[in-house]
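Here are the chains, one letter per residue:
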Amino acid sequence: MIYAEYIARDRSIALEIFRHLGHQDWVSDEDDRVLNIGRTMKIGPEPHYMCWWRIKSMARMDGWEDHFRTPEGQRYAQTSPVPRAMSFYRCGLYDEILGEGSLPAGLHLVEFFAGDDAPEAELAGWFRDRAGAGDAGRLGHVIRRVGLTGPEPGGMAVWTFRTYVEAEPFLRRRPKGGPARLVDIGLYRNFGEDIA
């Protein structure tokens with residue numbers, strides 16, 4: 001399961017401070033940060049920044065709430081500079097249809113897709129087939145919201161390319177029908193490497 005944070009920069013905070021704190025200071029043996037990316041060259045819709053955490057199950061949400069009610073959790077919430085520099089304006093819960101470790105360096109193309117009612121196996125197969133095309137980048141993750149816990153259109157796939165030139169054929173090719181309908185795309189880089 002993925003807990004996705006949608007993040008906006010507070011423009012009253014200097015970009016250098018935002019970038020320093022945007023790497024986040026949360027550490028836990030139970031949470032694995034799989035991506036932390038920023039939209040680059042202003043290509044794509046909101047969110048401008050995303051951070052995804054892999055959690056074992058919905059039980060982690062109970063664990064987080066329990067933690068933030070403890071004195072230690074309240075102290076963290078009061079003293080961490082991260083939520084003062086970053087606006088976590090929305091978060092969502094997602095099932096991980098396909099997932100492959102943390103993102104490498106490169107240009108990340110995020111596809112926002114609608115496919116709430118598609119069977120998971122069909123979605124996985126459709127994205128794997130597309131990943132087999134000669135001009136496809138590295139397919140890192142495909143996630144779909146749990147119920148309505150994430151914003152429209154409900155699903156995201158992340159492809160990685162070395163350059164814009166390498167990504168161009170993939171950007172120009174429209175996928176033929178399948179269990180998902182592509183709604184939008186955004187271009188991102190690993191946090192701090194984006195051109196804001």
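For the structure itself, consult the block above.
Residues numbered from 1 in each chain as written. Predicted model: local features only at pLDDT ≥ 70, side-chain atom pairs only at ≥ 80, totals over all residues. Heavy atoms only, no water.

So, about the sheet that holds strand 5 (residues 107–114). Reading around the barrel, the eight strands line up as 1-3-2-8-5-7-6-4 and close back on themselves, with antiparallel pairing between neighbours. Sheet twist, expressed as the mean angle between neighbouring strand axes with direction ignored, is 35°. Summarising the sheet, strand 5 and strand 7 (residues 155–161) pair through seven bridges and their orientation is antiparallel. When the bridges of strand 7 are listed, E111 appears paired with A157. (Pairing = 2+ DSSP bridges. Helix = DSSP H or I, 4+ residues; strand = E, 2+ residues; numbered from the N terminus. Axes fitted to C-alpha atoms, helices over the stretch in contact; angles between N-to-C directions.)

It is worth spelling out the side chain of H141 at this point. Tracing the backbone through its elements, the reader meets H141 in strand 6 (residues 138–145). Not counting residues within four places of it along the chain, the set of residues in contact with H141 comprises V34, W52, R54, E96, L98, G99, E100, G101, L103, M156, A157 and V158. (Contact = heavy atoms within 4.5 Å.)

Attention now goes to the side chain of H108. Inspection of the secondary structure puts H108 in strand 5. For H108, the side chain forms a polar contact with the side chain of T160, separated by 2.9 Å. Only 2.7 Å separates the side chain of H108 from the side chain of N190, close enough to count as a polar contact. Discounting chain neighbours no more than four positions away, the residues touching H108 are I37, L103, V158, W159, T160, G186, L187, Y188, R189 and N190. (Polar contact = N/O pair within 3.5 Å; in protein donor to acceptor, adjacent residues only side chain to side chain.)

For the rest of this paragraph, the subject is the nonpolar core. If you look at the biggest cluster of nonpolar residues, it comprises 20 residues, and the most contacted ones within it are F127, V142 and W159. For this core, the secondary-structure elements that each account for two or more residues are strand 4 (86–99), strand 5, helix 5 (120–131), strand 6, strand 7 and helix 6 (164–172). Per element, the largest residue contribution to this core is four residues, and it comes from helix 5. Residues contacting F127, with those up to four places away along its chain left out, are L98, E111, F113, L139, V142, A157, W159 and A180. (Core = buried A, V, L, I, M, F, W, Y, C linked by side-chain atoms within 4.5 Å. Buried < 20%, exposed > 50% of the residue type's maximum accessible area, 1.4 Å probe, protein only.)

The subject of this paragraph is the pattern of salt bridges. Going through the model one piece at a time under the given rule, you end up with 13 salt bridges. R69 serves as the salt-bridge partner of E65, at 3.3 Å between the closest nitrogen and oxygen. A relative accessible area of 48% means that E65 is categorised as partly exposed. Judged by its relative accessible area of 56%, R69 is exposed. Put simply, D135 and R173 hold a salt bridge, and the shortest N to O gap is 2.5 Å. (Salt bridge = Lys/Arg side-chain N within 4 Å of Asp/Glu carboxyl O.)

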